[in-house]
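Chain by chain, the residues:
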Amino acid sequence: MSLQSIEIADGGNAVHLKFDSGSDARFHAMWLRDNSPDPTTRDPGNGQRLITLNEIPRETVVSNAALNGDNLDVTFAPEARTLSYPMAFLHTHAYDNRPVRAAGWLNDDLETWNSDLNDSVPDAPFADLAAGGEGLRDWLSAVRRYGFAKTSAGPVENGALLDLVACFGYVRETNYGKWFEVRAEVNPTNLAFTGLGLQAHTDNPYRDPVPTLQVLYCLENSAEGGDSQVVDGFAAALRLRDENPEGFALLARYCAPFEFKGAAGVRLVARKPMIELAPDGELVGIRFNNRSAAPIVDVPYDDMDGYYKAYRDLAEIVDDPSMAVSFKLSPGDSFIVDNTRVMHARKGYSGEGTRWLQGCYADKDGLLSTLSGLEATL
Ligand code: FE2
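Report on the accompanying structure. In this text the structure is predicted, and so the values were computed from the model without any measurement.

### Examining the coordination of the iron ion
Right, so step 1: Protein coordination at the iron ion: the donors are His201 (NE2), Asp203 (OD) and His344 (NE2), at 2.1 to 2.2 Å from the metal.
Right, so step 2: The motif formed by the donor residues of the iron ion, counted along the single chain, is H-x1-D-x140-H.
Right, so step 3: Of the residues examined, Asp203 reaches a relative accessible area of 9% and is grouped as buried.

Here is the structure:
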């Protein structure tokens with residue numbers, strides 16, 4: 001990475017670099033000082049920062065900046081220290097001239113989908129995942145990209161889903177236990193434990209933080225029906241944004257309360273938007289679950305009509321068959337969903353035969369960490 005010019009700008013408050021590629025970027029003195037890679041600022045072993053912001057003088061400015069081989073040497077006043085920055089680091093971390101993006105933008109790692117994905121459902125044999133390496137990397141990468149993936153031909157054993165989670169991370173234990181049974185029950189505590197069809201939903205929106213992954217693992221499935229479906233909640237939200245932009249904004253602006261009190265001693269409540277945007281507009285989460293939605297009270301009277309219209313519009317998009325990917329799990333098959341994005345549904349099934357799934361929760365940070373590690377080493 002070579003440079004056309006280096007200028008000290010804004011009276012020492014910034015350095016302005018012009019790259020040979022034609023791009024340019026300004027870096028603030030405080031940003032540069034805080035992000036120095038030198039070993040007294042950042043631990044070379046674990047990469048953690050060794051100083052607090054308050055140890056950097058508030059009046060820090062750049063007094064000199066010069067190219068030194070592949071590094072930019074920057075001298076700071078009043079510290080009178082010269083610190084060195086690899087040009088590749090500065091190019092990678094340039095923050096100047098970032099595009100302003102519309103609310104609902106997605107991380108580049110993600111790809112939205114609809115029923116067209118029925119022809120190429122991400123799927124891998126359980127044994128490939130347990131073996132680690134490239135098979136696991138590719139499957140985890142699909143989970144990151146599409147927010148779900150299937151596995152097949154795993155062990156048909158009680159608790160086998162824990163072995164799947166152990167391939168990439170850690171189970172999130174809840175009041176339902178390390179894992180829970182999903183099959184028809186007498187006097188069920190939750191509608192999941194009946195043969196009723198279930199509208200596509202995200203799980204446990206009444207938890208804060210919500211479980212970010214769910215695994216559903218099939219041990220028996222001889223019942224008529226009971227197919228599994230998944231719907232990309234991000235695709236649904238973006239379709240709502242296109243069809244009803246005011247409605248999209250309302251579902252993002254106001255919180256909905258979610259609640260579960262179906263078991264003795266348990267009353268879980270959370271207050272979160274159905275469409276969650278980061279402060280800069282990135283679409284980061286969906287919560288959609290009619291069964292656990294409590295009365296909505298945090299929407300002003302004048303916005304409630306629009307809010308309910310948006311909620312209905314989103315529900316109709318979610319129920320649109322053109323949005324869904326469907327599959328029937330055989331014993332030993334399972335699927336994982338990013339529970340902040342992809343909704344899962346179940347078609348109703350009859351009392352004939354049996355349908356026995358086990359489910360558990362886990363978290364996406366561990367999965368993404370494992371994926372990053374595999375990507376860095378393979
Ligand atoms: Fe569920």
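From this point, the narrative continues.
### A few points about the pairing of strand 1 (residues 3-9)
For a regular strand, side chains alternate in direction, first toward one face of the sheet and then toward the other.
Right, so step 1: Sheet analysis places strand 1 next to strand 2 (residues 14-19), joined by 6 bridges and oriented antiparallel. Bridge pairing in strand 2 places Ser5 opposite Lys18.
Right, so step 2: Two successive antiparallel strands, strand 1 and strand 2, enclose a turn made up of 4 residues, where Asp10 displays a positive phi of approximately 50°.

### Section: the packing of helix 6 (residues 233-243) against helix 8 (residues 301-319)
Think of two packed helices as two axes; the pair is described by the angle between the axes and how far apart they sit.
Right, so step 1: As a packed pair, helix 6 and helix 8 sit with axes 9 Å apart at the nearest point and diverge in direction by 125°. Comparing their axes, helix 8 and helix 6 come out oblique. The crossing of helix 6 and helix 8 is right-handed. Packed against helix 6, whose contacting residues are Ala236, Ala237, Arg239, Leu240 and Glu243, the element helix 8 presents Ala310, Asp313, Leu314, Ile317 and Val318 at the interface.
Right, so step 2: The class makeup of the residues in the contact of helix 6 with helix 8 is 7 nonpolar, no polar and 3 charged.

### Notes on the pattern of salt bridges
Right, so step 1: Applying the stated criterion across every chain yields a total of 21 salt bridges.
Right, so step 2: With a closest N to O distance of 3.2 Å, Asp34 and Arg49 form a salt bridge. Residue Asp34 is located in helix 1 (residues 29-34), and its partner Arg49 is located in the loop between helix 1 and strand 4 (61-68); the two are separated by 15 residues in the primary sequence.
Right, so step 3: On the basis of relative accessible area, Arg49 is assigned to the partly exposed category, the value being 32%.
Right, so step 4: The partner of Glu276 in a salt bridge is Arg287, and the shortest N-O contact between them spans 3.1 Å. Of this pair, Glu276 sits in strand 16 (residues 275-277) while Arg287 is found in the loop between strand 17 (283-286) and helix 8, placing the two residues 11 residues apart along the sequence.
Right, so step 5: According to the relative accessible area criterion, Glu276 is partly exposed, its value standing at 26%.

### With respect to the nonpolar core
Right, so step 1: In this structure, Phe148, Val230, Ile275 and Tyr307 are the most contacted members of the largest nonpolar core, which totals 56 residues.
Right, so step 2: No other element matches helix 8, which puts 7 residues into this core.
Right, so step 3: One finds Leu129, Phe168, Cys360 and Ala362 within the second-largest nonpolar core, a separate group that totals 25 residues.

### What about the sheet that holds strand 1?
Right, so step 1: The 3 strands are arranged 1-2-3 in an open sheet whose pairing can be described as antiparallel. In the strand order of this sheet, the two ends are held by strand 1 and strand 3 (24-28), each with one partner. Averaged over all adjacent pairs, the angle separating strand axes in this sheet is 15°, with direction ignored.
Right, so step 2: Direction of pairing for strand 2 relative to strand 3: antiparallel, over a ladder of 5 bridges. When the sheet's bridge partners are listed, Val15 is paired in strand 3 with Phe27.

Conventions we followed
The residue count restarts for each chain, going from 1 along the sequence in the order it is written. Local features in a predicted model are, by the rule used here, given only for residues with pLDDT of at least 70; side-chain atom pairs are given and counted only at 80 or more, and totals for whole chains, interfaces and linings are based on all residues. The basis for every side-chain value is the complete set of non-hydrogen atoms in the structure, without hydrogens or water. Each metal site lists N, O and S donors within 2.8 Å (3.2 Å for Na, K and Ca). With water left out of the atoms, a site can look as if it is missing ligands. Accessible area is worked out with a 1.4 Å probe on protein chains only. A residue is then buried under 20% of its type maximum, exposed over 50%, and partly exposed in between. At least two DSSP bridges between two strands are required for those strands to pair. Each helix is a run of DSSP H or I of at least 4 residues and each strand a run of E of at least 2, with the numbering of both proceeding from the N terminus. To define axes, lines are fitted to C-alpha atoms, for helices over the stretch in contact only, and angles between the resulting N-to-C directions are given on a 0 to 180 degree scale. Small angles under 35 degrees read as roughly parallel and large ones over 145 as roughly antiparallel, with 65 to 115 read as roughly perpendicular and the rest as oblique. By definition, any crossing whose near helix is turned counterclockwise from its far helix by less than a right angle is left-handed, and any crossing with a clockwise turn is right-handed. Whether two residues are in contact is decided by their heavy atoms, any of which lying within 4.5 Å being enough. Basically, the charged four are Asp, Glu, Lys and Arg, the nonpolar ten are Ala, Val, Leu, Ile, Met, Phe, Trp, Tyr, Cys and Pro, and anything else, Gly included, counts as polar. Basic side-chain nitrogens of Lys or Arg form a salt bridge, by our definition, when they fall within 4 Å of a carboxyl oxygen of Asp or Glu. Here, nonpolar core refers to any group of buried Ala, Val, Leu, Ile, Met, Phe, Trp, Tyr and Cys residues whose side-chain atoms link them within 4.5 Å.

Remember, this is a structural readout, not a statement about activity or role.
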